[in-house]
Amino acid sequence: MHKKNGAMTVIFLAVILGFTLSFAQTTGKIAGNIMDKETGEPLIGANVMLLQTSSGTAADADGHFYIINIAPGIYDIQVSMIGYAPIKMENVRVSVNSTTHLIFELDKTVLKGETVVVTASAVSLKKDQTSSVRNVSADQIAKLPVENINQVVNMQAGIVQGHFRGGRSSEVSYLVDGLSVVNSFSEYSRQSVYVEKEVVQDLEVIKGTFDAEYGRAMSGMVNAVTKEGGNEWHGFLSSGYSNYFTTHHPKHKYSISRSNKKVFTGLGTSDYLERNLSQDYKVQLDGPIFKDRLTVFINYRYQNNRGPINGIRRFNPWDYSVYPAIDSTTWHIEHTGDNKYVALQQDYYHNAMGKLTFKITSNFKLNLLYTFNGNKSKRFNNGLGDFQYKYNPDGLPWDFSTIHFGSFDINHMISKSLFYDLKLSYTDRVEQSYLYEDPLDLRYLSPNYRGSLETGFYTGGTVDPGKRKDTFERRDIKFDLYWQASKVHGFKTGFLYTSHVVDRWRVNVRNQFDGLPIEDEMVVDPETGKIDFPFYVPEIVPVTENTINIYKVKPYEMSVYIQDKMEFDDMVIKLGLRYDYFNPDYHYASNWRNPANQQTFYVRDDSGHVVIDENGQEVIDMEMMSVYPKADPQTQLSPRLGVSYKLSDQAVLRLSYGHFFQMPQMFALYENNIFRVPPFNFQTTMGNSQLKAEKTIQYEIGLWQQIMTGMGLEVSLYYKDIYNLLSTKIITTYNQVKYGQFTNKDYGNARGIELTWDYVYLGFSSFVNFTYSFTRGNANNPRDTYDRAGDSMDPITRLIPMEWDQRYTANATVAYTAKSWNAAMTGYINSGTPYTYEPPGYSPLYRINLYENNSPKPTSVSFDLTASYLVSLFGGHSVKFTLNVYNLFDNLNTVWVYGDTGQPYTRIVTESDLSKFRSDYNDYYDQVKNPTMYSYPRSVKLTMGYTF
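This write-up is about the structure you can find in this document. (Residues numbered from 1 in each chain as written. Predicted model: local features only at pLDDT ≥ 70, side-chain atom pairs only at ≥ 80, totals over all residues. Heavy atoms only, no water.)

## Brief notes about the nonpolar core
Our working rule: Residues belong to one nonpolar core when they are buried, are Ala, Val, Leu, Ile, Met, Phe, Trp, Tyr or Cys, and are joined through side-chain atoms within 4.5 Å. Working definition: with a 1.4 Å probe on protein chains only, accessible area under 20% of the residue-type maximum means buried, over 50% means exposed, and in between means partly exposed. For helices the rule is a DSSP run of H or I covering at least 4 residues; for strands it is a run of E covering at least 2, with both sets numbered from the N terminus onward.
Of all hydrophobic cores here, the largest spans 30 residues; its most connected members are Val153, Val200 and Leu203. Contributing elements (two or more residues each) for this core: α4 (149–154), β12 (172–176), β14 (200–206), β15 (220–226) and β23 (398–415). The next biggest cluster of nonpolar side chains, apart from the first, holds 28 residues, and it includes Val502, Met686, Ala693 and Phe742.

Below is the structure:
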């Protein structure tokens, strides 16, 4: 109780600090100078109007002006003064969290009524950039051949499959309208809420050092600012259909019998156009309920996606086949399936978003946002376990998730130099997994039906019965206040309080006859020869105090920051400080060698006898027992510094430095929540609520150069050290049982160079991203040390490449937009990420000199294309036809490989391996040819949309 009161005191102080001075993470700023074109003298009192809004201001005594709290977008700005020609600057881009710097030079000699039209210089935005930030606007996203926002993020330099500049994928924070939508529990991806690309007004991707207002992440930030409804009704309806058109299937005339190109079984057959057809439906509507006051924005998307990988229903779950010897007369075979192809990758996806915007006055605005994500997907991953259901596809389970996210935002402009944002949000995420909803469903069958894998695949059976349901709730209160104290100083401060609820529940099921001699007895039908296993009756295992990983915990955390942004004529300096507090609100075992007190130890005298107390009770040795005190809260202080300097009107130099902290994902705090150690070695990994925050120290230097009008080149160099990474250590109990426990001891570092080139001229645009980097560490993931110990391997004592260490990655996009049509193509070339080469297991000595990730996979190349044509109808109505082609040239790119060959679809097979194989329907190499080893083949999508 004392610690909670202390935390609330800190939060109260943070609130007080918050109301003294922060910049909302959903708006930007325009600033500049107005002067006489001939004399250079400042024009005091010149009027500045943001034409698409009611915002405006006047130049001060130095000719300087600023307008803050501007929603991201493209604007026209008009400057006027008596005796001077008005100037209108068109297509001025405002990005979230950025200042657009403008210079207006007014001319006295002008005809009455004439307005001079100019455009903003490229340096106007770049001057404000002190680190690697990429803002992608709605119109830029619309031109790209992408289906979702994550694809846009992964196109940026320095990002490899969700890893930002060499960090783990769990080191990235995701925000919607400045509010965190992070899944703080998951071991892998942290993204919890997804919004469609059509609802995003501005996408901010920060790869390097980030300002003090951002935290709880070590590698990067992604902030999606959503659109608001306008003063006119607009909307669209669209329906899209896609399928795979590839030569890499057995039916194609160019496929050779033993070629690796016979990958995607079932494609090219008479029914695949229907079986593997994906459907995509979208609806969007926005407009005024009360003009200039209350607007609405609604978006909905439904997808029924089918992947290119198919199984064959040769067996039904109730079939049983066994191949005990080489002699086929000993085989028992049942295959009652219809032999039809079945899509193994199925995904049903709903995404809905609604946003109400209420402008009470021109200075006071309310936003109410709701987002729903619903997903049902057939679980078929890259691992061998799912692939073994290839001929028994009905035995695979389903994964389900539902996500509700709601937020309420108050934006109040107190004066022209002061505004605040107050945001409240709630996220509810539920994840479930099962084949049948009822854990006791009679369609769950004995594991004996799966067979003994002599054919390499399951010949019947289902996944084990049971059901899991994990619920994650979070509530956020966020306050930000921004004060433009002077022309130079813009202060930001704010606080964030987050409470979590993690509720993990599962139903474990066992056979009533488990452990009895009759458990595996079979019964043969004398008429049909059908074999059944009648002594399989599932029952629910009762939940007791010894049940592991069923728990409900309520951790909480808070943050407060302050930052000064100093804007000089040729320099911008950002100096900030951030404080983070996290309380796991859980206990820990005081003695990890006996964490659950499964062993009882007594005090003994010098002769070895147990000591008896005055009550006649044996005295317990408490030093060898555990008690359970509350875990300590964790706190961090993070300094941040960023500098940009305008070398000329065509060049900007920037430098940045910062400390970034992040608590490990919560699974590592609470796993095996009752601290129970199984009787054998390496059977559990235990959580640790005393974990400390992971830490990154990052340095960056960058240079932007305008080569010519519309063309720019940016170069960035970065280096970062990553400390206290989540890892595992091995603990031995007093009775010599080894288990794993999460701890902070892993280390990594990353360094690289990034090049970004872009060019825009009229309707033509192009950009190129290139990254050359090195990522080193001593573990790919937190469980590596534990897994190696379980395999009798020594810990890794030197830095090795991480499994996402991609030496170079490059992509280039070329686009052209005309009045009624547009086209764009993006090409990708990526060097192979590492894999672990493992020579055939003739001798374990190779492990001494061969560490993990010692060889690279093949390079991958891919091209995506989008093209659309607009047919105008009447009164602003139109029909749009869109063609998207992914993997245009149908390249077979490697996703993963076998460790003994470094190739997909190829293994070293011995005579001993072949001698164990027995089958009547496939050959040995069938189990080697796993199609998930390759990326998706060419996919073609046709969409027709109606817009009004």
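## Brief notes about the sheet that holds strand β5 (residues 73–80)
Formally: One bridge is not enough; two strands pair if DSSP finds at least two bridges between them. In this analysis, axes come from line fits to C-alpha atoms, helices being fitted only over the stretch in contact, and the angle between any two N-to-C directions falls in the range 0 to 180 degrees.
In spatial order, the strands read β3-β2-β5-β6-β8; together these five strands make up an open sheet with mixed pairing. The sheet is open, and its two edges are formed by β3 (56–58) and β8 (116–119), each paired on a single side. Mean inter-strand twist for the sheet, computed between neighbouring axes without regard to direction, equals 20°. As defined by bridge partners, strand β6 (residues 87–94) adjoins β8 across four bridges and the pair is classed as parallel. If you follow Met89 over to β8, its bridge partner there is Val118.

## So, the environment of Trp233
In plain terms, the rule: Contacts were defined at the residue level, with two residues in contact if any of their heavy atoms lie within 4.5 Å. For the purposes of these results, a polar contact is taken to be a pair of N or O atoms within 3.5 Å, where, inside protein, one atom must be able to donate a hydrogen and its partner to accept one; residues adjacent in sequence count only when each atom of the pair is a side-chain atom.
Assignment of secondary structure puts Trp233 in the loop between β15 and β16 (234–244). Take Trp233: its relative accessible area is 42%, and that puts it in the partly exposed class. Separated by 102 residues in sequence, Trp233 and His335 place their C-alpha atoms 59 Å apart. When residues no more than four places from it in sequence are discounted, the contact partners of Trp233 are Leu285, Asp286, Gly287, Pro288, Ile289, Val296 and Phe948. A distance of 3.3 Å separates a polar side-chain atom of Trp233 from the backbone oxygen of Pro288.

## Brief notes about empty space enclosed by the protein
To keep things clear, this is the line we draw: With a 1 Å grid spanning the protein atoms alone, the term cavity applies to any set of points in which a 1.4 Å probe fits but cannot get out, the term pocket to an open set with protein on both sides within 12 Å along at least five of seven lines, and the term lining residue to any residue with an atom within 4 Å of a point. Grid points are joined across faces, edges and corners, and a volume is the space filled by probe spheres set on the points. In this classification, Asp, Glu, Lys and Arg are treated as charged, Ala, Val, Leu, Ile, Met, Phe, Trp, Tyr, Cys and Pro as nonpolar, and every other residue, Gly included, as polar.
Counted as a void, the largest cavity has a volume near 360 Å³. If you go around the largest cavity, you meet 35 residues; those closest to its centre are Gly215, Arg216, Glu557, Ser559 and Arg578. Of all the secondary structure elements, the ones that give two or more residues to the lining of the largest cavity are β12, β25 (467–484), β26 (489–507), β32 (556–567), β33 (571–583) and β35 (651–662). Counting residues per element, the lining of the largest cavity draws most heavily on β32, at five residues. In this structure, the second largest cavity spans a volume of roughly 110 Å³. If you go around the second largest cavity, you meet 13 residues; those closest to its centre are Val182, Asn183, Ser184, Phe472 and Arg474. Of all the elements in the fold, those that place two or more residues in the lining of the second largest cavity are β24 (418–434), β25 and β26. If one sorts the elements of the lining of the second largest cavity by residue count, β25 sits on top with three residues. Here the residues of the lining of the second largest cavity are counted per class, giving five nonpolar, five polar and three charged.

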